[in-house]
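Coordinates in review
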Amino acid sequence: MTFERKYRYIWDTKQLKQQIEQDPRLTTRALAGLLKCSYITVEKYLADLGKSWKYGLWIPHELSSYRLQSSVDTCMDLINNGCIRNLVTGDENYTITADLYYEQLDRVVQELKGKRARMYFLHDNARPHVANLSIEANPQICDGLLQYDKCSTNPSCLCLHSVSSNATGICALQSATCSELVSCVLNTSLCSQPSHICVQHPQCQNQPVCYPLSMATNQLCPPVVDKICSTATWSKHGITVAGGHGFGRDLHQLADPYGIFLDENDAIYIADRSNFRVIKWEQNSTIGQWTAGLKVDGDATHDLPLNMPQDIVVDKNGTIYISDGGNYRVVRWYRGADKGEILVDRVQVVGIGQDNQGFVYVSEYAAGQITKWNFDEDEFDGQIVATNLPLSTFIYIDGKRSIYSAGMSANRIAKVVEDADEPILVAGPSGVAGDEFDQLNSPTGVYADEQETVYIADTKNHRVMRWLKGATSGTLIAGGNGGGSSSDQLNYPSDVFLDREGNLYVTDTLNNRVQKFLVDKSSCQKKK
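Residues numbered from 1 in each chain as written. Predicted model: local features only at pLDDT ≥ 70, side-chain atom pairs only at ≥ 80, totals over all residues. Heavy atoms only, no water.

**Some words on the overall build of the chain**
Keep this limit in mind: Secondary structure elements follow DSSP: runs of H or I no shorter than four residues count as helices, runs of E no shorter than two count as strands, and numbering proceeds from the N terminus. Categorising residues by exposure relies on relative accessible area from a 1.4 Å probe, with only protein chains included: less than 20% of the type maximum marks a residue as buried, more than 50% marks it as exposed, and the intermediate range marks it as partly exposed. Every residue pair with non-hydrogen atoms within 4.5 Å of one another is taken to be in contact.
In terms of regular secondary structure, the chain is built from 5 helices and 38 strands. Here the chain holds 528 residues, and 54% of them are scored as buried. Here the contacts in the chain between residues at least 6 apart in sequence split such that 52% fall between residues at least 24 apart.

**Focus on the sheet that holds strand β10 (residues 196–199)**
Working definition: the strands of a sheet are paired by backbone hydrogen bonds and lie parallel or antiparallel to each other. Cut-off, in case you're wondering: Two strands pair if DSSP finds at least two bridges between them.
What the 3 strands build is an open sheet, ordered β9-β11-β10; its pairing is antiparallel. At either margin of the open sheet sits one strand with a lone partner, and together these are β9 (182–183) and β10. Bridge analysis of β10 against strand β11 (residues 209–212) gives 4 bridges, and the strand direction is antiparallel. Its bridge partner being in β11, His196 is matched across the sheet by Pro212.

**A word on the pattern of salt bridges**
This is how the line gets drawn: When a carboxyl oxygen of Asp or Glu is within 4 Å of a side-chain nitrogen of Lys or Arg, the pair counts as a salt bridge.
In this structure the tally under the stated criterion is 14 salt bridges. In this structure, Glu452 engages Lys415 in a salt bridge whose closest nitrogen and oxygen atoms are separated by 2.5 Å. Residue Glu452 is found in the loop between β31 (445–448) and β32 (454–458), and its partner Lys415 is found in strand β29 (residues 412–416); the two are separated by 37 residues along the sequence. Among the residues examined, Glu452 registers a relative accessible area of 13% and is labelled buried.

**A look at unusual backbone geometry**
The phi dihedral of Leu391 falls on the positive side, at around 50°, and the residue is not glycine. Following the sequence through the fold, Leu391 ends up in the loop between β26 (383–386) and β27 (392–397). Residue Leu391 is classed as partly exposed on the basis of its relative accessible area, which comes to 28%. Phi at Asp419 takes a positive value of approximately 70°, unusual for a residue other than glycine.

**With respect to the state of the cysteines**
Our working rule: We call a pair of cysteine sulfur atoms a disulfide whenever their separation is within 2.5 Å.
For the structure on display, the rule yields 6 disulfides. What pairs with Cys151 in a disulfide is Cys171, and their sulfur atoms sit 2.0 Å apart. Taking the sign of the S-S torsion, 85° for the link of Cys151 and Cys171, the bridge is right-handed. Of the two residues, Cys151 sits in the loop between β6 (141–143) and β7 (157–161) while Cys171 sits in strand β8 (residues 168–173), which places them 20 residues apart along the sequence. Accessibility expressed as a relative area gives 0% for Cys171, which makes it buried.

**Examining helix α1 (residues 13–22)**
For an α-helix, the turn length of 3.6 residues means that residues three or four places apart are oriented alike. Inclusion rule: Here the arc refers to the set of directions running from the helix axis out to each C-beta atom.
Within the sequence span of α1, burial applies to Leu16, Gln19 and Ile20. Taken around the axis of α1, the buried residues stretch over an arc of 90°, which confines them to a single face. Facing away from the buried side of α1 by over 90 degrees, the exposed positions are Lys14 and Glu21.

**Let's talk about the packing of α1 against helix α2 (residues 28–35)**
Formally: Throughout, an axis means a line fitted to C-alpha atoms (over the contacting stretch in the case of helices), and angles, computed between N-to-C directions, take values from 0 to 180 degrees. To sort the angles, those under 35 degrees are grouped as roughly parallel, those over 145 as roughly antiparallel, those from 65 to 115 as roughly perpendicular, and the leftovers as oblique. Two helices cross in a left-handed way if the nearer one is turned anticlockwise from the farther one by less than a right angle. They cross in a right-handed way if the turn is clockwise.
At their nearest, the axes of α1 and α2 sit 11 Å apart, and the two run at 125° to each other. One element, α1, and the other, α2, form an angle in the oblique class. Our pair here, α1 against α2, has a crossing hand that is right-handed. Residues Gln15, Leu16, Gln19 and Ile20 of α1 lie in contact with α2, whose contacting residues are Leu31, Leu34 and Leu35.

**As for the UniProt feature "repeat: NHL" (unreviewed entry) in the chain**
To keep it simple, the criterion reads: UniProt positions are given in the numbering used here, feature names are shortened, and annotations may be inferred rather than shown by experiment.
Under the UniProt annotation, the feature "repeat: NHL" (unreviewed entry) is placed at residues 431–464 and 489–520. Within the segment residues 431–464, helix and strand shares are 0% and 32% respectively, and the terminal C-alpha atoms sit 17 Å apart. Its end C-alpha atoms 19 Å apart, residues 489–520 is made of 0% helix and 56% strand.

**Considerations on the nonpolar core**
For clarity, the threshold we go by: Residues belong to one nonpolar core when they are buried, are Ala, Val, Leu, Ile, Met, Phe, Trp, Tyr or Cys, and are joined through side-chain atoms within 4.5 Å.
Of all hydrophobic cores here, the largest spans 70 residues; its most connected members are Trp234, Ile322, Trp333 and Leu504. Discounting chain neighbours no more than four positions away, the residues touching Ile322 are Val278, Ala292, Leu306, Pro309, Asp311, Ile312, Arg329, Val330, Val331, Trp333 and Ile352. Counting residues in hydrophobic clusters, the runner-up holds 36 residues, among them Val42, Cys151, Cys204 and Ala216.

**A closer look at α2**
In terms of burial, α2 is largely enclosed, as 6 of its 8 residues are buried. Within α2, the full set of buried residues consists of Thr28, Ala30, Leu31, Ala32, Leu34 and Leu35. Lys36 occupies a position one or two residues after α2 and carries a positive phi of about 60°.

**A word on the confidence of the model for the chain**
Low pLDDT marks regions whose predicted coordinates should not be analysed in detail. Inclusion rule: Here pLDDT means the predictor's own confidence in every residue, given as a number from 0 to 100.
Taken over all residues, the pLDDT of the chain has a mean of 81, while the share at 70 or more is 79%. Contacts for the low-pLDDT stretch residues 80–109, under 50 throughout, to residues beyond four places or in other chains number 97 contacts.

**Comments concerning the pairing of strand β14 (residues 257–262)**
Counting buried positions along β14 gives 6 out of 6 residues, so the element sits mostly inside the fold. Alignment of β14 against strand β15 (residues 268–272), held across 4 bridges, turns out to be antiparallel. Its bridge partner being in β15, Phe261 is matched across the sheet by Tyr269. Here β14 folds back onto β15 in antiparallel fashion, the turn holding 5 residues, of which Asp266 has a positive phi close to 65°.

**Description of the sheet that holds strand β24 (residues 369–373)**
Pairing is antiparallel in the open sheet, where 4 strands are placed in the order β22-β23-β24-β26. One side of each edge strand has no neighbouring strand; the edge strands of this open sheet are β22 (349–354) and β26. Adjacent strand axes in the sheet meet at a mean angle of 30° when their direction is disregarded. Examined bridge by bridge, β24 and β26 share 3 bridges and lie antiparallel to one another. From the neighbouring strand, Lys372 faces β26, where its bridge partner is Gln383.

**Looking at the environment of Thr319**
Within the secondary structure, Thr319 sits in the loop between β18 (309–314) and β19 (320–324). Exposure remark for Thr319: the relative accessible area of 6% places this residue in the buried category. Measuring from C-alpha to C-alpha, the distance between Thr319 and Arg335 comes to 5.2 Å, with 16 residues separating the pair along the chain. When sequence neighbours within four positions are dropped, the list of residues in contact with Thr319 reads Val313, Val314, Arg332, Trp333, Tyr334 and Arg335.

**Section: the packing of aromatic side chains**
The test is simple: Here the aromatic set is Phe, Tyr and Trp, taking the six-membered ring for Trp, and pairing holds for ring centres within 6.5 Å; pairs whose planes are under 30 degrees apart are stacked, those over 60 apart are edge-to-face, and all others are tilted. Here, a charge over a ring means that NZ of Lys or CZ of Arg falls within 6 Å of the ring centre while also lying within 35 degrees of the ring normal.
Under the definition given, this model contains 10 aromatic pairs. Geometrically, the ring pair formed by Trp290 and Trp333 is edge-to-face, given 6.1 Å between the ring centres and 85° between the ring planes. Note that Trp290 is positioned in strand β17 (residues 289–293) and Trp333 in strand β20 (residues 329–333), a separation of 43 residues in sequence. When the ring centre of Trp290 is taken as reference, the NZ or CZ atom of Lys295 above it lies at 4.5 Å.

Below, the structure is given as structure tokens:
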């Protein structure tokens, strides 16, 4: 698929500078993963910025041996004297923290097990006696796993054992190369680098090495959650978690909410369609946060207002990709930005999704096709990856990069396996609108879990259906009591999403709210 002109994306060092200012311990491969580019590109731009990798940090200039040793000696004196138990800072370019307070990983494991304990590190930014709390490390722990066992829903994360244990360790992204890692302090389980931890890593060295804690976060290595078995159920009464205060523009209100997306922290992003914006609701919040589109009525300060945004997907950096339906285009909106940028225009887009490799997929409603885009290249054109999907609305991309498409007019859900030519029917076999459990009526939203079970916003039936893989009929899990505003009712639901625990979220469009239905997995067979 081509357009009359190509869209060029110039790689900007601003993003790179922001990342290393926030965490100067990130390796080139970690930065490449966050910025969706090659590590060679990162190395080039870091060199242009005059940055050097020294002692586990990106620094603007090389420290002298005298200054480095002076910092180490000072910090060791403080530790030995017991003056400071939680925080310590060196000079403006080198900080010794973290592992000097934790003699072994087992202590960390015990402190974090069963609660969300945190370790805080202090970084002295430049001036003496002026320090800022800059890093909060909450490492993902692996317990009872073998060395290099998979420990996360991210397949690139593996378990690295503690130096003193063969049963506990950190669940870390395996992006740091052996050449980037240094040995632990001789005959100890300590690291001289800030925010590193001493682990076993036999593939690199026979002796323990220091691994960056920034590679062991819940964001990079989301924990594995219990699978949702076929007998799981959901509460019949929903909880309003966003909106629910009538049609309106205030931040506690929504207006025809449509597409929904939950990020790795289960923050809720909503395409607030008739408010021409995207709004974000943190868990347990009573008010939303503006993230994209118009802030106020008649706001003329934005070069790129949204017009009836249909759907959104948010990447690991907080960048939002928006199907701007009323403007017939796809928009990218960086986190914290006041305006977005046009990526594709002159296309009737409804659904949008992203796979685990960073490719963005667009559902072209009128054309009945889905296109795949790499928006991180200098020039990009869409590749048609699915056809024969008339009036396809929302889509979902699973971990195997299979595409699930809701066919509103076809009253069905289709699946397109990666590199396959034709879609496979997975729900709504008759294609005839109806309210029986083997029928759908104008479905718009779809989600698929790890078992390839699909969850469907069955819009005109005012319900959510669950369809097991290979089943010929579905199961009612929410709504189904006629259109209405009671807690056990929905009114033209548009989209669905599951959080990390399996709780169900539904955009209840004509009730101007998002409903949450709690999952009950007590019937599932316990893992032995």
